[in-house]
Amino acid sequence: MNLSILQGRPTRDPEISKSDSGKVYCRMRLAVDRPYRGNKQPRKTDFITVVFFNKLAQVAYNNLAKGALCTVVGRLETDEYI
């Protein structure tokens with residue numbers, strides 16, 4: 001099962017676009033803090049690109065903004081670069 005739950009804040013307002021095939025998608029980068037452990041260790045943040053499709057893309061574009069706390073549930077994919 002590929003299920004990911006991320007909670008963080010968008011680093012900028014979401015951007016909405018259409019693919020060549022006409023599919024609507026919305027893209028944003030989510031800043032997710034790692035759990036804090038101890039006083040001497042600095043906090044670490046992961047920046048994860050999130051993509052919404054179709055109706056959910058429009059909902060995300062209309063309701064999310066830079067710095068707003070949000071939770072995203074979905075599947076995780078990685079890309080390969082040559």
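All of these numbers come straight from a predicted model, not from anything done at the bench. Residue positions are given per chain, counting from 1 as you read along its sequence in written order. Per-residue local features are limited, in this predicted model, to residues with pLDDT of at least 70; the limit for side-chain atom pairs, both in listing and counting, is 80 or more; totals at the level of whole chains, interfaces and linings are taken over all residues. Hydrogens and waters are ignored; side-chain quantities use all the structure's heavy atoms.

Engineer: Explain a nonpolar patch on the surface to me, and be specific about the residues and the numbers.
Structural biologist: Nonpolar side chains (Val, Leu, Ile, Met, Phe, Trp, Tyr) are joined into patches within 5 Å and like charges within 9 Å, using only residues with over 30% relative accessible area and no salt bridge. All accessible areas in this document rest on Shrake-Rupley with a 1.4 Å probe, and a residue is counted as covered only by the protein chains that are shown. The rule for a salt bridge is simple: a side-chain nitrogen of Lys or Arg has to be within 4 Å of a carboxyl oxygen of Asp or Glu. A contiguous nonpolar surface patch, about 540 Å² in accessible area, is contributed by Met1, Leu3, Ile5 and Val73. Checked against the element boundaries, Ile5 lands in strand E1 (residues 4-10). We call a residue buried when its accessible area falls under 20% of the maximum for its residue type, exposed when it is over 50%, and partly exposed in between, using a 1.4 Å probe and counting protein chains only. Classification of Ile5 by relative accessible area gives exposed; the value is 60%. Strands here mean DSSP runs of E at least two residues long; helices mean DSSP runs of H or I at least four residues long; both are numbered from the N terminus.

Engineer: Can you explain the confidence of the model for the chain? Please cite residues and give values.
Structural biologist: Confidence of the predictor in every single residue is expressed as pLDDT, which spans 0 to 100. Of the residues in the chain, 100% reach a pLDDT of 70 or more, and the chain-wide mean stands at 90. Per-residue pLDDT, averaged within each element of the chain, yields its smallest value for strand E2 (residues 15-18) (92) and its largest for E1 (95).

Engineer: Which residues make up the nonpolar core, and what are the values?
Structural biologist: Among the nonpolar cores identified, the biggest contains 12 residues, and these are Leu6, Cys26, Met28, Leu30, Val32, Val50, Phe52, Ala57, Ala60, Leu64, Cys70 and Val72. Every residue pair with non-hydrogen atoms within 4.5 Å of one another is taken to be in contact. For Val32, the residues in contact, after removing those within four places along its chain, are Leu6, Gln7, Gly8, Lys44, Thr45, Asp46 and Ile48. Throughout this description, the term nonpolar core refers to a set of buried Ala, Val, Leu, Ile, Met, Phe, Trp, Tyr and Cys residues connected via side-chain atoms within 4.5 Å.

Engineer: Talk me through the packing of aromatic side chains; I want residue IDs and the actual numbers.
Structural biologist: Each pair of aromatic rings taken from Phe, Tyr and Trp, with Trp reduced to its six-membered ring, is defined by centres within 6.5 Å and is described as stacked if the planes are under 30 degrees apart, edge-to-face if over 60, and tilted in the remaining cases. On inspection of all chains with the given rule, the structure shows zero aromatic pairs. Positioned above the aromatic ring of Phe53 is the side chain of Lys23, whose terminal nitrogen or guanidinium carbon lies 5.2 Å from the ring centre. Two conditions define a charge sitting above a ring: the NZ of Lys or the CZ of Arg must be within 6 Å of the ring centre, and it must be within 35 degrees of the ring normal.

Engineer: Outline unusual backbone geometry, listing residues and values.
Structural biologist: Even without glycine at this site, Asn54 takes up a positive phi of about 55°. Within the secondary structure, Asn54 is located in helix H1 (residues 54-63).

Engineer: Explain the state of the cysteines residue by residue, including any values.
Structural biologist: Here, a disulfide means two cysteine sulfur atoms that sit within 2.5 Å of each other. Tallied over the full model, the rule gives zero disulfides. Cysteine Cys26 remains unbridged, with the sulfur of Cys70 as its closest cysteine sulfur at 11 Å. Taking relative accessible area as the criterion, Cys26 reaches 0% and is therefore assigned buried.

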